[in-house]
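Here's the letter readout for the chains.
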Amino acid sequence: MRPLKLGILGSGKGSNFLALANALREGTVPAEVVQVGSDQSKAGILESARGMGFPVFACRTGAFQTKLEPEIEEELANVLSQAGVELVVLAGYMRVLKTPLLRRFGGRIINIHPSLLPAFPGLKAWEQALRAGVKETGCTVHWVNEVVDGGDTIRQVKVPVQTGDTAESLHARIQTAEHRLLPEVVRDLAIGNIPWERDPRKLR
Ligand code: GRF
């Protein structure tokens, strides 16, 4: 089976990227990272990716914090296309996706989010869960569309909230679950165990 070509985008430390890259190295996921990108040139994810020998790209930051200007997002989409990306994985990418990426890769973009969506979309979902006093939260991998954290859920893992949890302890427990979930979902998409919104194999 030809490996699925992945483009990973992140803005932060990149622990989910590392979990995925390690799973790929173990050979349990029939996929390969062909491009890593970020809107933050100093992000940990780029440093890790560079260290592991993957092609990296940092786009211009532009005038806004929450989104890229269309021409900058178009450049990012071009880089992913030229690398032959079939599935875009948002792993801590902090900008809202707009038309250039959605038009090019719609139905082939997934995101990992630290809550059981539709509960607690948006920023710092683990803090939202603590404030709400829920006994259980978790993480979700979902398809990405124009609604922030609003695309269809692919798979979720539940994580208990424990007495005495702080934001940090809860976030750490959720991240441990994320690091298992994301490689599992990528593997199941690659082997056809999860239906695609838009299957790249049909575009080949
Ligand atoms: C993760 O908690 C993910 O759910 C959220 O951003 C965080 C990224 O963490 N979307 P990392 O950069 O992968 O460590």
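Everything numeric in this text was worked out from a predicted model, so none of it was measured.

Chemist: Sorry if this is basic, but what is going on with helix H2 (residues 44-51) here?
Modeler: Because each turn of an α-helix spans 3.6 residues, side chains separated by three or four positions end up pointing in the same direction. Within the span of H2, buried status applies to Ile45, Leu46, Ser48 and Ala49. Down the axis of H2, the buried side of the element spans an arc of 165°, and every buried residue falls inside it. Those residues of H2 that are exposed and aimed more than 90 degrees away from the buried face are Glu47 and Gly51. Contact partners of the buried residues in H2: strand E1 (4-9), helix H1 (15-26), strand E2 (31-38) and strand E3 (56-58). Immediately downstream of H2, the backbone of Gly53 shows phi near 85°, a positive value.

Chemist: Honestly, the pattern of salt bridges in this entry has me stumped. Any pointers?
Modeler: Pairs can form between side chains of opposite charge once their charged atoms are near each other. Using the criterion set out here, one finds 10 salt bridges in the structure. With its nearest N and O atoms 3.4 Å apart, the salt bridge here joins Arg103 to Glu74. Linking Arg103 in helix H4 (residues 99-105) with Glu74 in helix H3 (residues 70-82), this pair joins segments that are 29 residues apart in sequence. What makes Arg103 exposed here is its relative accessible area of 57%. For Arg155, the salt bridge identified is with Glu184, shortest N-O distance 3.9 Å. Linking Arg155 in strand E7 (residues 153-160) with Glu184 in helix H6 (residues 167-190), this pair joins segments that are 29 residues apart in sequence. Taking the relative accessible area as the measure of exposure, Arg155 reaches 28% and is therefore partly exposed. Ionic contacts of the salt-bridge type, sharing partners, join the residues Arg155, Glu184, Arg187 and Asp188 into one network.

Here is what the cut-offs are and how they apply
Going along each chain's sequence as written, the residues are numbered from 1 onward. Per-residue local features of the predicted model are confined to residues with pLDDT of at least 70, and side-chain atom pairs are confined, for both listing and counting, to 80 or more; whole-chain, interface and lining totals are unaffected and use all residues. Side-chain descriptors were evaluated using all non-hydrogen atoms of the structure, hydrogens and water having been removed beforehand. When accessible area is computed with a 1.4 Å probe and restricted to protein chains, residues below 20% of their type maximum are described as buried, those above 50% as exposed, and intermediate ones as partly exposed. Labels follow the DSSP assignment, with helices taken as runs of H or I lasting at least four residues and strands as runs of E lasting at least two, numbered in each case from the N terminus. Regarding the arc, it is the one traced by the directions from the helix axis to the C-beta atoms. In this analysis, two residues are considered to be in contact whenever any of their non-hydrogen atoms come within 4.5 Å of each other. By convention in these notes, a salt bridge is any Lys or Arg side-chain nitrogen within 4 Å of a carboxyl oxygen on Asp or Glu.

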